[in-house]
Amino acid sequence: MDESQALKLLQESREKIDIIDKEIITLISKRTDLAKKIIDAKIILGMEIQDKKREEHIHEKTRKIAREFQIDEDMLSQIMTILTDINKKKQEQLLRRK
């Protein structure tokens, strides 16, 4: 591979990453939008926003998927913690409005 091909490969790869990043953000938005349904159900069920059992399940599932795709388990678990925190924050905001 020469320099020209390397530059082309770099540019194409970055463009693909940009597309994937937008897809990831779209999925995060969809995941966060579910917070309304979740908080409505939790209110009826008398549940707290934080559900340790559910969070443990998410992390167990995440570690399994990480191993399957050979992704660092700790790093992926940190990402899931961030996603869970985003949802809890959204649920708290929605709860304050009710």
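Here's what I pulled together on the structure shown here. In this text the structure is predicted, and so the values were computed from the model without any measurement. (Residues numbered from 1 in each chain as written. Predicted model: local features only at pLDDT ≥ 70, side-chain atom pairs only at ≥ 80, totals over all residues. Heavy atoms only, no water.)

1. With respect to the layout of surface pockets
Going by this rule: Only protein atoms enter the 1 Å grid, on which a cavity is a set of points fitting a 1.4 Å probe that cannot get out and a pocket is an open set with protein on both sides within 12 Å along at least 5 of 7 lines, lining residues being those with an atom within 4 Å of a point. Grid points are joined across faces, edges and corners, and a volume is the space filled by probe spheres set on the points. Here a strand is any run of E in DSSP of at least two residues, a helix any run of H or I of at least four, and the numbering for each starts at the N terminus. Following the grouping adopted for this structure description, the nonpolar residues are Ala, Val, Leu, Ile, Met, Phe, Trp, Tyr, Cys and Pro, the charged ones are Asp, Glu, Lys and Arg, and the polar ones are all others, Gly among them.
Considering only enclosed or pocket space, the largest pocket measures out at about 410 Å³ in volume. Put simply, the parts of the chain that give the lining of the largest pocket at least two residues each are helix H2 (35–45), helix H3 (52–69) and helix H4 (73–97). Grouping the amino acids of the lining of the largest pocket by side-chain chemistry returns nine nonpolar, five polar and seven charged. The volume enclosed by the second largest pocket comes to roughly 210 Å³. Lining the second largest pocket, in full, are Ile24, Leu27, Ile28, Arg31, Leu76, Ile79, Met80 and Leu83. Elements with a contribution of two residues or more to the lining of the second largest pocket: helix H1 (3–33) and H4. Considering only residue class, the lining of the second largest pocket consists of seven nonpolar, no polar and one charged.

2. Describing H2
Think of an α-helix as turning once every 3.6 residues; residues three or four places apart then point the same way. Heads up, the rule is: Burial status follows relative accessibility: with a 1.4 Å probe on protein chains alone, a residue under 20% of its type maximum counts as buried, one over 50% as exposed, and anything between as partly exposed. For this quantity, the arc is that covered by the directions from the helix axis to the C-beta atoms. Whether two residues are in contact is decided by their heavy atoms: any pair within 4.5 Å suffices.
For H2, every residue scored as buried is listed here: Ala35, Ile39 and Lys42. Around the axis of H2, the buried residues are gathered within 60° of arc, so they sit on the same side. Seen from the buried face of H2, the exposed residues on the opposite side, beyond 90 degrees, are Lys37, Ile44 and Leu45. Considering only its buried residues, H2 is in contact with H1 and H4.

3. So, the pattern of salt bridges
Here is the rule: Criterion for a salt bridge: a side-chain nitrogen of Lys or Arg within 4 Å of a carboxyl oxygen of Asp or Glu.
The full count for this structure, using the stated rule, is five salt bridges. A salt bridge links Glu12 to Lys8; its shortest N-O distance comes to 3.9 Å. Note that Glu12 and Lys8 are positioned in helix H1 at a spacing of four residues, about one turn of the helix. Relative accessible area serves as the criterion here: at 34%, Glu12 is assigned to the partly exposed category. For Lys8, a relative accessible area of 53% translates into the label exposed. For the salt bridge of Glu73 with Arg67, the shortest nitrogen-to-oxygen distance reads 3.2 Å. Judged by relative accessible area, which is 27%, Glu73 ranks as partly exposed. Several salt bridges share partner residues, and in doing so they unite Glu55, Asp85 and Lys88 into one network.

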